[in-house]
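Spelled out, the chains give:
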Amino acid sequence: MSVLFNKIFETLIAPPGNMVYYIVLVIAIASALQSAFNHWRTSEYPQARRAFVGLGILLIAQVIMFMFSGLGWQHIIDPTSVLPPMDRAFVVFGIIWITWLFGFPEPSRGADAAASLLSLLVLTALGLSLLTWQTQSTLTTYNQTPDDFFWQTASLLLILGGMAILFIRKPDGMWNGIIMLALGFLGHVGHLLFQINGNYSGIVRLAYMAAYPILLTLPQRFSVSTSAVAATPQRSAAMRQDSIPLERRRYSTDPKTFHAMLALAAESNPTKVSQAITRAIAQTLLADLCFMIYLTDNNNQMVIAGGYDLIREDNLDGGSLSKNSIPMLANSLQRGRPLRMPASSTSADIKGLAEILGLTNPGHLLSVPILTPEKESLGGLLLLSPYSDRTWTAEDQAFLANIATSLVPIIKRSQKMSKLETQSDQALVQVERLERRISELTQQLDASRAEVQKSGSVEMASLRAAQEESQRIIEQLQLESAELRAGKKLQPSTSSTPQVEQDLKATLQEMAHLQNQLAEANMKMHEAEQGRVNVKSTEQAEVIASISQELRQPLSSIVGYTDLLLGESVGILGALQRKFVERIKASTERIHNLTDDMIQITTLEAGLNDLKPEAVDLNTIIDNAMTYTSTQVREKNISMHLELPKKLSPIQADREALQQILIHLLQNAGSATPFEGTIRLMVQTRTEDDLDYILIQVADTGVGIAAEDLPRVFTRLYRADNVLIQGVGDTGVGLSIAKALTEAQHGRIWVESENGVGSTFSVLLPIAGAAMAEKKLKAKGKK
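Please read all numbers here as calculations on a predicted model, not as lab measurements.

J.: Which parts of the structure should I look at to understand a nonpolar patch on the surface?
T.: Taken together, the side chains of Ile60, Ile64, Phe68, Leu71 and Ile76 present a nonpolar region at the surface, about 420 Å² in accessible area. Along the chain, Phe68 turns up in helix H3 (residues 46-73).

Structure (C-alpha cells):
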C-alpha cells in the first residue's frame, strides 16, 4: 500500500504528472464558478454573487500557478528556483479564500478587509521566500528548509482559524467547509510527520485534490424555487389550460384579495393607507408578512409605516428601523434597487429583522423600492416568509415591482394629506394660542381700565368736593367782604376800625390761599384726566402691538409656503396656478407691511420721547435704505439716480428714526413710480438762520399730486374717509410717521408736485442736532 501511495506522490510532484494536480483544481473551481454564476443569474441572491467573486479569485490564482508549472515543465523558467515557494504561497492563499467563501456568505467589510490584508501578507512572504531560496536551491531540497516549515505552520494555523470561524458563525453549509479544511489539515500534518524529501509535497497535493471538489456544493447552500426556472412551452401551455398545477399556487384569486383592493381604494385616512396597501399585497402575493417602509431624513433611521400578517389575518403596527441592523436592505432601498435574500443564518439583515419583529427566523426576504418617475426612492415593500418558507423568484420580484410603481400616486396622496393634516394641526394650535393671547390681553386691558376708572373716580370726586367747598367759602368771604365794605354789619367807629381792618386783611389772605388751592385742584383734575387718556392710549397701543406681533408668525408661514410652491419643489404649477400663488404672496407681503406700519404708528407717541441723537454716517443710512427697498425697485425695473456730495459730514440724529424716514420716502416713491420709471435721491447742505442743515430729497416720476390733495398727504388716517390720492403710493401711515419723526428732531418735511411729471418729498434736518438747534433758536428769540 505504501508503495502505491509513494508512486502517487511521485507522480503528483514530477512533471508532467504534477499538471494533473493543477488541472483537477482548475476544473473543480471552474465547475463551482459556473454553478455559482447560474445560481446568481437565477436567484439574484447577494450570496451567489459573492460566491462567484470568491471562486473567480481562486480560479485566477490556480490558473496562474498552472501556467508557471507549464513554463517550468518546458524549462522556459527555472522550475527549481521559482515554483516551490510559489506552490506553498498559493496553498496558503487558497486556505484564506476558502475560509472567506464558507464563513462569510453575506457582505462583510471586516471579512473582506481581513482576507485582502492576509493575501497581501502572503504575497510579501512569497517575495521574501523567493530571495532566501535562491541561495539554498543548489544545496538542499525545499522540503528541508525552514521556509517550508514556516509555510506548513502558517497553513495549519489558518486552517484551525478557519474552522473556528465556521464553528462560531455557523453559516449554511458550514460542514462542507469544515470537511474541506480538515482534508487540507490532514495533508499538512502528514507532510510534517513524514518529512518526504523533494521540492514539493505529494501528500498535501493529494489532500487538496480530494478537498477542492467540495467547492461544487458552495453555490447550492441556498435553495432556489423551481418557479425561478424558465417554463418550457409545454409547461406554459399546461398552465394556461388549467391542468394539474406544476407548483403550488403563488398568487391569490381569493375574494379576500378583491375586498382588500376595494378597501385600499376607499381608504382616505393617511395612517391607515399603509396598512391597506400591505394587506392588499399580502393577499395578492400570498406573502406571510408584508411591510411598507419609508425613508427618512435621518441617515440612520427608516420607518415601518405598517404591515400585515396573512396567516393571522392581523394588521401590524409600525415602528422605527435602525439602518445599522439591516445594512443590505437599507442600502438597496436608498439606491432604489430590489433585493432577494435567502434565510441565511449569518445574514445581519435576517438577524436584525428577527430581533425587530420578534421572530426566530423571518424566512426568505424580498424587497423592491418604490420609485417615482424621477427615480427618487420613497421607500420600499418588504415580503417575508417565516411560516411557509417560500423562496422568492424573479417573477415575484417583477410582479411586486409593478405593484410598487402603481402605488406611487397613492403614497404621494397619502403623504400630502398627512402633511396637510400636520399643517392644519399646527395652524389650529397657532389660532388657539392667538385666541388665548388675545383673551389674556383683553382681560389685562379691562382690568387696567377698571383700575384707572376706580382710582380716577375716587380722586376726581375728592377734588371736585374740595373745589366746591373752596368755591363756597370764597363766595361767602367775598359776600362778607362786600358787607364789611358797605358797613351793613359793622358801624364805623374809631375804636372798631383797626379791628375791622385786621379782620378784613385776614379774610383776604384766606381767600387768596383758597384761590391757590382751587387752582391747584384744577391742575390736578386736568392732570388726572390727561393721565386717564394717556394710560388708555398706552394700553391700547400695547394691545395692538402685541396682536400685530402675533400676526407676524402665521404671515411668515404663509410666505414660506408660497415660496415653496413657487419653487415647484412639491409639484409643477400651471400658469394660472402660479398667477394665483403670486397674488397670494403679494397680498400677504402687503398685509405684513401694513402690520409693521400698525406697530410703528401705535408705538410712535412713546417712541418720540426716546430719541437718542448720535453721530450718524448718512452714506450708511442711504445704503441700508436702498437695500431694504431693492426688491420693490427691482420688480418694477425702476432706475435709481443718486446725487450726493463728494463728502458728507456726520449728522447728529437718531439713527433708527433717520433710517425710517428715508425708507418710508423711498417706499412711497417706489409705489408711485410706474414700471421702468426713475427715482432720484438728492442730498445737499444749506444754511438757514446761521444753522447748517442737511436736505434730503426723493423725487419720483409718478402722475403727480393734485394741489387740493397736498394738505392731506401727511395726514395719518385720510384713507378711512377719503378716496386715494393720485400720485401717492404710501398707505397713509408711512408718510405720517416720517413727518412725526422729522419734526421730533426739529426738522421740516414738505412735498412739491407737478401733474404728469412727479412729486418731490423734501426733509430738512439740522446737522448739529435737535438740541443745538433748539438752543440757538431760543437764544435768537431772546435777542
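J.: Where do I start with the packing of helix H19 (residues 655-672) against helix H21 (residues 734-744) in this structure?
T.: The packing of two helices is summarised by the inter-axis angle and the distance between the axes. Where H19 contacts H21, the two axes come as close as 9 Å, and the packing angle between them is 150°. Relative to H21, H19 is oriented so that their crossing is left-handed. Counting all contacts with H19, which are made through Ala657, Gln660, Ile661, His664, Leu665 and Asn668, the residues of H21 involved are Gly734, Leu735, Ile737, Ala738, Leu741 and Thr742. Classifying every residue of the contact of H19 with H21 gives seven nonpolar, five polar and no charged.

J.: Whenever I open this one, the pattern of salt bridges confuses me. Can you help?
T.: Opposite charge on two side chains permits pairing when their charged atoms draw close. If you walk through the whole model with that rule in mind, you get 10 salt bridges. With its nearest N and O atoms 2.8 Å apart, the salt bridge here joins Arg680 to Glu643. Of this pair, Arg680 sits in strand S11 (residues 678-688) while Glu643 sits in strand S9 (residues 639-643), and the two are 37 residues apart along the sequence. Take Glu643: its relative accessible area is 38%, and that puts it in the partly exposed class. Salt-bridge contacts for Asp709 lead to Arg712; the nearest nitrogen and oxygen are separated by 2.7 Å. Here the residues in one salt-bridge network are Asp87, Arg88, Asp148 and Arg205, joined through shared partners.

J.: In this structure, what is going on with the nonpolar core? I would like to understand it.
T.: Leu55, Leu58, Met180, Tyr208, Tyr212 and Leu215 are the most contacted members of the largest nonpolar core, which has 55 residues in total. Residues in contact with Tyr212, not counting those within four places in the same chain, are Leu25, Ala28, Ile29, Leu58, Gln62, Gly94, Ile98 and Met180. Core analysis: the second largest hydrophobic core is formed by 40 residues, Ala669, Val713, Phe714 and Val763 among them.

J.: I tried to follow the pairing of S11 on my own but got confused; where do I start?
T.: Sheet faces and side chains relate simply in a regular strand, where the side chains alternate between the two faces. Across five bridges, the pairing between S9 and S11 is parallel. The residue of S11 that forms the bridge with Leu642 is Leu681. Of the pairings in the sheet, the one linking S11 to strand S12 (residues 691-699) comprises nine bridges and is antiparallel in character. Bridging across to S12, Arg686 finds its partner in Tyr693. The antiparallel hairpin formed by S11 and S12 contains two residues in its connecting segment, where Asp689 sits at a positive phi of about 55°.

Cut-offs and rules
Residues numbered from 1 in each chain as written. Predicted model: local features only at pLDDT ≥ 70, side-chain atom pairs only at ≥ 80, totals over all residues. Heavy atoms only, no water. Patch = residues over 30% accessible without salt bridge, like charges linked within 9 Å, V, L, I, M, F, W, Y side chains within 5 Å. Areas by Shrake-Rupley, 256 points an atom, 1.4 Å probe, with all protein chains shown as cover. Salt bridge = Lys/Arg side-chain N within 4 Å of Asp/Glu carboxyl O. Helix = DSSP H or I, 4+ residues; strand = E, 2+ residues; numbered from the N terminus. Axes fitted to C-alpha atoms, helices over the stretch in contact; angles between N-to-C directions. Left-handed = near helix turned anticlockwise from the far one by under 90°. Contact = heavy atoms within 4.5 Å. Nonpolar A, V, L, I, M, F, W, Y, C, P; charged D, E, K, R; others polar. Buried < 20%, exposed > 50% of the residue type's maximum accessible area, 1.4 Å probe, protein only. Core = buried A, V, L, I, M, F, W, Y, C linked by side-chain atoms within 4.5 Å. Pairing = 2+ DSSP bridges.

Keep in mind that these numbers describe shape and distance, not what the molecule does.
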